[in-house]
Amino acid sequence: MAAVLQVLPCVARAPFRPLLSGGPVVRQASGMALAEQAQQLFESTVGAMLPGPMLHRALSLDPGSGLLKVRDRSFQLRQNLHLVGFGKAVLGMAAAAEELLGQHLVQGVISVPKGIRAAMEHAGKQEMLLKPHSRVQVFEGAEDNLPDRDALRAALAIRQLAEGLTADDLLLVLISGGGSALLPAPIPPVTLEEKQTLTKLLAARGANIQELNTIRKALSQLKGGGLAQAAYPAQVVSLILSDVVGDPVEVIASGPTVASVHNVQDCLHILNRYGLRAALPRSVKTVLARADSDPHGPHTCGHVLNVIIGSNALALAEAQQRAEALGYRAVVLSAAIQGDVKSVAQFYGLLARVAGAHLTPPGTAASVEQEEQLHQLAAELQLPDLQLKEALETVVGAGGPICLLAGGEPTVQLQGSGKGGRNQELALRVGAELGRWPPGPVDVLFLSGGTDGQDGPTEAAGAWVVPELASQAAAEGLDVASFLSRSDSHTFFRCFRGGVHLLHTGLTGTNVMDAHLLLLRPR
Ligand SMILES: Nc1ncnc2c1ncn2[C@@H]1O[C@H](COP(=O)(O)OP(=O)(O)OP(=O)(O)O)[C@@H](O)[C@H]1O
Ligand SMILES: O=C(O)[C@H](O)CO
C-alpha cells in the first residue's frame, strides 16, 4: 500500500469502476464477458477478507453468559477485556471488534497508518470507522510505512496498557501487515532514527521480510514476543491477518505475541549478508551483544493464543467457491507465488498455452516440449504448495470453462522511472506472453490485483489482460516492450483503451497480498 491514502467506494457495495465502460469496440472484444466475471471473482477474494466478515468468523460472544469463543477456546468476560492493535487493516478490525464486543470492551489503543480515518470517512466507509464514543484510542503514524515519532507514541501507549493488566484480564491483539512500522519501540540505547536507517538500508539492499523482521525483533521491546511478555500474566488472544507468504506468525508484523526463535548469530549473518555489519551504530552493537540466545524467552508465551483469521489461501478458497458457482471448474494453484515477476509471467503465459490446448479438440494441443518447459519453470520458481499436476488433470477432464487461482507476492526489479505496481507489471508481462501463441478457439483472460486495493504508488489495484493486448496496443501506437523497459505499466494501462483494463477498488481495508486469476473458456 503506497503512502497516499485514497479510498474509492466500498468493495462489497459498489466495488469497481465498471470494467465494461469502454466504447463499442471494447465491448465486442473477446475477453469482455470474462472480464466481468474476473472482476466478480476478485471482489469475492477481497470481500471475504474484509474486517467485519473476518471478525465474525473468528469470534462469537454469548451476550447472556458473557462467554467469548475464539476457535475452540472460551474466555469469560467480566469487565476485563482490553484491546490493542497495529497494522494497515486494523482500523476496520477494531471497529468490527468493538461492534461485536460492545460494553465488554474496557479500553483499547490502536496504531494505524497516517490519514486512514480521513480516507475512510471521505469514501463513506462507515464500517471501517470507530463510533464517536469509542473506547479505543487511535494513533495515526508511520508515513511511508516507516517507523516515526507518532508510531513510537502509539507503541508506548500500547505497552503501557499491556503492562497495566492483571491475571484476570484478557488482551485482544489485532495484527495486520504494516504492523512492524506501526509498533516501533527500540531497545535503548538504539534510537528510532537508527532503527529507521537500518530498516531502510536492509530493505534497499534486498533483504526479505523474514530477514528484515529478524533484525527488527532483536532491536525491539515489543516485537518477537515482547508485547505478550508485557501483558503477562493477562491472557492474550491475537487475531492475525496475514500479509506474508505461508502465514508465519513469528514474521507477520514481527510477531509481537510469538516468542522469537532467532539468536544474535542469525542477526549477525543477516547484517553480514547485506554488508552492514561493519558500519553498525554502537547502540545496535550494544543491544545485540546484550541479547542472550532468545531475547524474549521461549517460555513466556504460554498465556497466548495466536490465530490467523485472514490469509491469501482463505481468500482464494472463497474465490474458488464463487468460480464454481459461476460454472467454472476452479483450482487453487498456489497461495505462495514468489519470485521475479518476469519468470512468474512466463509461467502464467505457458500455463495458459498448455491449459488452453488441453481444452481444445485434438490437433491444437501444446507440444510435449511446452508442457515440459512449464514444469521446468514451475520447478525453478520453487513454489512449495504448487498444485500444477492437479490443475492440468482438472483441465483435461473439464471440457468447459476453467478458473486457475493463485496468490502471493512476486518481486519487481525496477528498471526505470516509470509508474507501476507489481500487479500491473505482472498483468502486462502476461499479456505480452499470451500474445506469443496463435489464438486457439479458447477465450483467455489473466487478472492480477493487490487485495489492499493499491498497487505500488498508483491509484489502481491491478489490471487484466487478454491475448490480443499487444496487437491492440500496437494499433493504438503503444509498444508494450518499451513501457515494460521503463517499469511504466501504470502509464501503459492508463493510455490503453482509456484505462478500461485497470482495476479500481480504492483502499479495501484488508491486505492479504496479491490475487492472480487465469480464466479459460472454450468458444
Ligand atoms: N514503477 C513500478 N513498476 C512496478 N512495480 C513497482 C513500481 N514502483 C513500485 N513498485 C512495486 O510496488 C511495491 C510497493 O508498493 P506497495 O507500497 O503497495 O507495497 P506492498 O508490498 O504492496 O505493500 P503492502 O504490504 O501494503 O501490500 C513494491 O513491490 C515495488 O517493487
Ligand atoms: O509489518 C510487517 O512486518 C510486514 O507487513 C509483514 O507482516
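Just so you know, these numbers come straight off a predicted model, no measurement behind them.

One can find Asp150 in helix 6 (residues 149-163). Each C-alpha atom, one on Asp150 and one on Leu183, is 9.8 Å from the other, the two residues being 33 residues apart in sequence. Once residues lying within four places of it in the same chain are set aside, the contact partners of Asp150 are Lys114, Phe139, Glu140 and Gly141. In this structure the side chain of Asp150 is engaged in a polar contact, spanning 2.6 Å, whose partner is the side chain of Arg153.

Turning our attention to unusual backbone geometry. Pro188 connects to Pro189 through a cis peptide bond whose omega is 10 degrees. Positionally, Pro189 belongs in the loop between helix 7 (179-182) and helix 8 (192-204). Located in the positive-phi region is Gln79, a residue other than glycine, with phi close to 50 degrees. Assignment of secondary structure puts Gln79 in the loop between strand 3 (73-76) and strand 4 (81-86). The backbone of Asn145 shows a phi angle near 60 degrees, a positive value even though the residue is not glycine. Position of Asn145 among the secondary structure elements: in the loop between strand 6 (136-141) and helix 6.

Turning our attention to the environment of Ser180. Along the polypeptide, Ser180 turns up in helix 7. Expressed as a C-alpha distance, the spacing of Ser180 and Gly456, which sit 276 residues apart in the sequence, is 19 Å. Those residues in contact with Ser180 that sit more than four places away from it in its chain are Asn213, Arg216, Lys223, Ala253 and Ser254.

By nearness alone, every residue bordering ligand 2 is listed as Gly177, Gly178, Gly179, Ser180, Ile209, Asn213, Arg216, Asp243, Val244, Ile252 and Ala253. Interatomic distance of 2.5 Å between a side-chain N/O atom of Ser180 and an oxygen atom of ligand 2. Contacts to ligand 2 include Asp243, whose side-chain N or O atom sits 2.6 Å from an oxygen atom. When ligand 2 is considered free in solution it has 230 Å² of accessible area, and contact with the protein chains removes 91% of it. Counting only elements with at least two residues in the shell around ligand 2, the list comes to helix 7 and helix 9 (209-218). By residue number, the principal contributor to the shell around ligand 2 is helix 9, which donates 3 residues. By residue class, the composition of the shell around ligand 2 is 4 nonpolar, 5 polar and 2 charged.

It is worth spelling out the pattern of salt bridges at this point. When the charged atoms of two side chains with opposite charge come close together, those side chains can pair. What the rule picks out here adds up to 17 salt bridges. Its salt-bridge partner being Glu393, residue Lys389 comes within 3.7 Å of it at the nearest N-O pair. One end of the pair, Lys389, and the other, Glu393, are both in helix 16 (residues 388-398), 4 residues apart, so they sit about a helical turn from each other. Since its relative accessible area comes to 56%, Lys389 is described here as exposed.

Before going further, it helps to examine the sheet that holds strand 7 (residues 170-175). Sheets are built from strands that pair by backbone hydrogen bonding, the pairs being arranged parallel or antiparallel. Read across the sheet, 6 strands follow the order 6-5-4-7-8-9 without closing on themselves; strand pairing throughout is parallel. Of all strands in the sheet, those with a lone pairing partner are strand 6 and strand 9 (304-310), marking the two edges. Between one strand and the next, the sheet's axes are offset by a mean angle of 15 degrees, whatever the strand orientation. Here strand 4 pairs with strand 5 (residues 105-113) via 6 bridges, running parallel.

UniProt tags residues 38-288 as "domain: MOFRL-associated" (unreviewed entry). Overall, residues 38-288 shows 41% helix and 18% strand. The separation of its end C-alpha atoms is 49 Å.

Bringing the sheet that holds strand 3 into the picture now. Strand order across the open sheet formed by 3 strands is 1-2-3, with antiparallel pairing between neighbours. Looking at which strands have only one partner, the edges of the open sheet turn out to be strand 1 (59-62) and strand 3. Going from strand to strand, the sheet's axes swing by 20 degrees on average, the running direction of each strand aside. Inspection of the sheet shows strand 2 (residues 67-70) paired to strand 3 by 4 bridges, in the antiparallel sense. Bridge pairing in strand 3 places Leu67 opposite Gln76.

It is worth spelling out the packing of helix 9 against helix 11 (residues 264-273) at this point. Here helix 9 crosses helix 11 at 125 degrees, and the two axes come no closer than 10 Å. Judged by the inter-axis angle, helix 9 sits oblique to helix 11. Remark: the crossing between helix 9 and helix 11 carries left-handed chirality. Along its contact with helix 9, which presents Glu211, Thr214, Ile215 and Ala218, the element helix 11 presents Asp266, Cys267, Ile270, Leu271 and Arg273. Classifying every residue of the contact of helix 9 with helix 11 by side-chain character gives 5 nonpolar, 1 polar and 3 charged.

With that settled, consider the packing of helix 8 against helix 9. Running from N to C, helix 8 and helix 9 point in directions that differ by 165 degrees, and their axes come no closer than 10 Å. Classified by the interaxial angle, the pair formed by helix 8 and helix 9 is roughly antiparallel. Where helix 8 crosses over helix 9, the two elements pack in a sense that is right-handed. When helix 8 is examined against helix 9, the residues Lys195, Leu198, Thr199, Leu202 and Ala203 are found in contact with a partner set consisting of Leu212, Ile215 and Arg216. Residue classes in the contact of helix 8 with helix 9 are distributed as 5 nonpolar, 1 polar and 2 charged.

Calculation criteria
- Residues numbered from 1 in each chain as written.
- Chains lettered and ligands numbered in written order.
- Predicted model: local features only at pLDDT ≥ 70, side-chain atom pairs only at ≥ 80, totals over all residues.
- Heavy atoms only, no water.
- Helix = DSSP H or I, 4+ residues; strand = E, 2+ residues; numbered from the N terminus.
- Contact = heavy atoms within 4.5 Å.
- Polar contact = N/O pair within 3.5 Å; in protein donor to acceptor, adjacent residues only side chain to side chain.
- Near = heavy atom within 4 Å.
- Areas by Shrake-Rupley, 256 points an atom, 1.4 Å probe, with all protein chains shown as cover.
- Nonpolar A, V, L, I, M, F, W, Y, C, P; charged D, E, K, R; others polar.
- Salt bridge = Lys/Arg side-chain N within 4 Å of Asp/Glu carboxyl O.
- Buried < 20%, exposed > 50% of the residue type's maximum accessible area, 1.4 Å probe, protein only.
- Pairing = 2+ DSSP bridges.
- Axes fitted to C-alpha atoms, helices over the stretch in contact; angles between N-to-C directions.
- UniProt positions renumbered as here; feature names shortened; annotations may be inferred.
- Parallel < 35°, antiparallel > 145°, perpendicular 65-115°, else oblique.
- Left-handed = near helix turned anticlockwise from the far one by under 90°.

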